[in-house]
Amino acid sequence: QNIALTLGHGAYVDNVTIDTVEAGDGYVIDPSLLPQGAMSGHGETDDAIVTPTANLFVSREATSGVPMLSSLLTTGNDVSFVFKGRRDAIEVTLALPVTSDADLEFSASDVAGGGTIYPIHTTHLRRGDTRACFKAPLGTELQALRWTGGNLAIRKIELRSTPAGSCEGQ
C-alpha cells in the first residue's frame, strides 16, 4: 500500500521484490522464549522487551503445561511490554481466566516525535476474561502494552497487522 519508486533518467533497477505482512504476522511475546523462573530487571526476546517493576514469573500452567507469564501478587502488578516494531492491533491471550481485576494499557509510538510512546487506550479485565484485544484508530500504530493491577496468567501477546478476532477500538 502506498509504495512509490521514483527513478532518475537512466536509472536501472533489477530484481525488485515487495513482501507484504501476512494477516496475523507480527511481533510476539511468547513466555516459552524467556528463561523460566523469577524475572527482575528486564527480559528480552527477538521481538520485544519485558520490564517488570516487581518479580514476574515465567512458568508453566500446572495441568496443561502451557508456558505463561504471571505474578504472585494479586494486586499491584506493573509490567511493560515494548515491541521492537509497530502494528495496528495488540492481542493478549491468557493461559487461565482472570482471577482478579487488572488493566491493560495500549500505547502507540510517535515516529515523527522521536519515537515517544504514549498510552491511547485502557482495557479493564474482569474475573473470567481469557482474551483482550485493541485495534488502533486509522493512522496510529501500537508499540507497547502495560499490565497493572491484578494477577494475570498471560500465554501470549501479539502485535498484529490483522487481529484474529474482534477487538475494542475497531
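How each quantity is defined
- Residues numbered from 1 in each chain as written.
- Predicted model: local features only at pLDDT ≥ 70, side-chain atom pairs only at ≥ 80, totals over all residues.
- Heavy atoms only, no water.
- Helix = DSSP H or I, 4+ residues; strand = E, 2+ residues; numbered from the N terminus.
- Contact = heavy atoms within 4.5 Å.
- Areas by Shrake-Rupley, 256 points an atom, 1.4 Å probe, with all protein chains shown as cover.
- Pairing = 2+ DSSP bridges.
- Disulfide = S-S within 2.5 Å.
- Buried < 20%, exposed > 50% of the residue type's maximum accessible area, 1.4 Å probe, protein only.

## Focus on the overall build of the protein
Piece 1. For the protein, the count of helices and strands is 0 helices and 13 strands.
Piece 2. Counting from the amino terminus, helix and strand elements in the protein follow one another as β-β-β-β-β-β-β-β-β-β-β-β-β.
Piece 3. Taking contacts inside the protein between residues at least 6 apart in sequence as the whole, the part at least 24 apart equals 70%.
Piece 4. Counting only carbon and sulfur atoms, one obtains 48% of the accessible surface of the protein, whose full area is about 9600 Å².

## As for the pairing of strand S9 (residues 102–110)
Piece 1. Here 9 bridges tie S9 to strand S10 (residues 116–125), and the two strands are oriented antiparallel to one another. Looking at the pairing, Phe106 lines up with His121 of S10.
Piece 2. Both S9 and strand S12 (residues 142–149) contribute to a ladder of 7 bridges, which runs antiparallel. When the sheet's bridge partners are listed, Asp103 is paired in S12 with Thr148.

## Points about the state of the cysteines
Piece 1. For the structure shown, the criterion picks out 1 disulfide.
Piece 2. Across the disulfide from Cys133 sits Cys167; the S-S distance is 1.8 Å. Linking Cys133 and Cys167, the disulfide has an S-S dihedral of approximately 40° and is accordingly described as right-handed. Taken together, the residues span a long stretch of sequence, with Cys133 in strand S11 (residues 131–135) and Cys167 in the segment after strand S13 (154–160) at a distance of 34 residues.

## Some thoughts on the side chain of Thr140
Piece 1. Position of Thr140 among the secondary structure elements: in the loop between S11 and S12.
Piece 2. Of the residues examined, Thr140 reaches a relative accessible area of 18% and is grouped as buried.

## Considering the sheet that holds strand S4 (residues 48–52)
Piece 1. Spatial strand order, S3-S4-S7-S12-S9-S10: 6 strands in an open sheet with antiparallel pairing. Looking at which strands have only one partner, the edges of the open sheet turn out to be strand S3 (43–44) and S10.
Piece 2. Sheet topology note: the strand S7 (residues 77–87)/S12 ladder contains 7 bridges and is antiparallel. Counterpart to Asp78 in the pairing with S12 is Thr148.

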